[in-house]
Amino acid sequence: MILIADCGSTKTDWCVVSCGDIVRRVSTGGMNAVMLTEEEMTRRIASELLPLLGDENIDRVYFYGAGCLADEVCDNVRRAIAANIPSARTIEVYTDLLAAARALCGRGPGIACIMGTGSNSCYYDGEKICDNVSPLGYILGDEGSGAVLGRLLIGDVLKNQLPQHLCEKFLREYDLDRLTIIRRVYKEPQANRFLASVTPFLLENISEPSIRAIVFESFMSFFRRNVLQYGRARSLSINFIGSIAYYYCEVLHEAATASGLTLGTVLPGPMPGLIAYHS
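The rules we used
- Residues numbered from 1 in each chain as written.
- Predicted model: local features only at pLDDT ≥ 70, side-chain atom pairs only at ≥ 80, totals over all residues.
- Heavy atoms only, no water.
- Axes fitted to C-alpha atoms, helices over the stretch in contact; angles between N-to-C directions.
- Helix = DSSP H or I, 4+ residues; strand = E, 2+ residues; numbered from the N terminus.
- Left-handed = near helix turned anticlockwise from the far one by under 90°.
- Contact = heavy atoms within 4.5 Å.
- Nonpolar A, V, L, I, M, F, W, Y, C, P; charged D, E, K, R; others polar.
- Core = buried A, V, L, I, M, F, W, Y, C linked by side-chain atoms within 4.5 Å.
- Buried < 20%, exposed > 50% of the residue type's maximum accessible area, 1.4 Å probe, protein only.
- Patch = residues over 30% accessible without salt bridge, like charges linked within 9 Å, V, L, I, M, F, W, Y side chains within 5 Å.
- Areas by Shrake-Rupley, 256 points an atom, 1.4 Å probe, with all protein chains shown as cover.
- Salt bridge = Lys/Arg side-chain N within 4 Å of Asp/Glu carboxyl O.
- Parallel < 35°, antiparallel > 145°, perpendicular 65-115°, else oblique.

**Q** How would you summarise the packing of helix α5 (residues 146-158) against helix α6 (residues 164-173) if you had to cite specific residues and measurements?
**A** For any two helices packed against each other, the geometry is given by the interaxial angle and the distance between the axes. Remark: α5 packs on α6, axes separated minimally by 9 Å, with the N-to-C direction vectors making an angle of 115 degrees. Where α5 crosses over α6, the handedness of that crossing is left-handed. On α6, the residues touching L153, I154, D156 and V157 of α5 are C167, F170 and L171. The residue makeup of the contact of α5 with α6, split by class, is six nonpolar, no polar and one charged.

Printed below as a string of structure tokens:
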């Protein structure tokens, strides 16, 4: 049996698979492999995952996580897993971007993108990531992401760029004022998560022209500043994983068409595609 992990900073999805069938699927807390030591990850896997796995005999583990780029980081994750799952003969650790590419494109070439709290993209040749425009984070980049959409929305609210009834409605629904927002963004940790947390307001009011414009223009910026830098972008489908892409798929399709691109598969998460890939 194989164990596949889709790991983020807040949640990790684990799936035990046998011959392509799901045997067990569980969730644990997230693990930021860049921020945690090998010992900390070992303890978390032991305390959170093992009690949920039961007596499943795992012989292969495929772990995909944000930040799993450097060899040192991947080695730490690999050893933490090996310490808890000694039956695993194979333990492979990869970045979440490769998870998106494999889940979306399988073993064929394509453009794979992530659009959730953050955003990222790559050109994938069916085996490996061949090109990647650096996302740069929500301050310098991350176009189209939840964090950037939230930043644009809040900025327009505080600078009175939206109709007055929408500004009032937003502040009322989220129980926010100017000083609270400034504190959450500039003085408290994880400002990107706070910014992304207000994006449901955009979806709820997407029929408002000013709200739709925020989303559409941010998606256009994502295509222009990221996807169109890949040489084969206009001849390949552009595929997405992530909550923002999934829930705003209609606007994403409109922006792709306006950019001369073909929108392909859009999934909320990579696990179904990873199961198919590894099976």
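**Q** Give me the nonpolar core: which residues, what numbers.
**A** Counting 46 residues, the largest nonpolar core has L153, F219, F223, V227 and F240 as its most contacted members. Per element, the largest residue contribution to this core is eight residues, and it comes from helix α10 (residues 209-225). Excluding anything up to four places from it in sequence, F219 contacts M115, G144, I244, Y248, V251, L252 and A255. In terms of nonpolar packing, the next biggest core, distinct from the first, is built from 26 residues, V16, A33, I81 and A88 among them.

**Q** Kindly report on a nonpolar patch on the surface, identifying the contributing residues and their values.
**A** A cluster of nonpolar residues, L136, I139 and L140, forms a patch on the protein surface that exposes about 350 Å² of accessible area. The topology assignment puts L136 in the loop between β8 (129-131) and α4 (137-140).

**Q** An account of the pattern of salt bridges is requested, with residue identities and associated values reported.
**A** Inspection of every chain in the model, using the stated rule, returns ten salt bridges. Its salt-bridge partner being R79, residue E38 comes within 2.8 Å of it at the nearest N-O pair. Pair noted here: E38 is in helix α1 (residues 38-53) and R79 is in helix α2 (residues 71-84), with a separation of 41 residues, a long-range link. Residue classification places E38 among the partly exposed positions, given a relative accessible area of 22%. The partly exposed category is assigned to R79, whose relative accessible area is 41%. E254 is the partner of R212 in a salt bridge, and the nearest nitrogen-oxygen pair spans 2.8 Å.

**Q** Which residues make up the packing of helix α3 (residues 96-105) against helix α13 (residues 271-278), and what values go with them?
**A** Running from amino to carboxyl end, α3 crosses α13 at an angle of 75 degrees, the nearest separation of the two axes being 7 Å. When the axis of α3 is compared with that of α13, the two are roughly perpendicular. Every residue of α13 that contacts α3 at A99, R102 and A103 is listed here: G273, L274, Y277 and H278. When grouped by side-chain class, the residues that make up the contact of α3 with α13 number four nonpolar, two polar and one charged.

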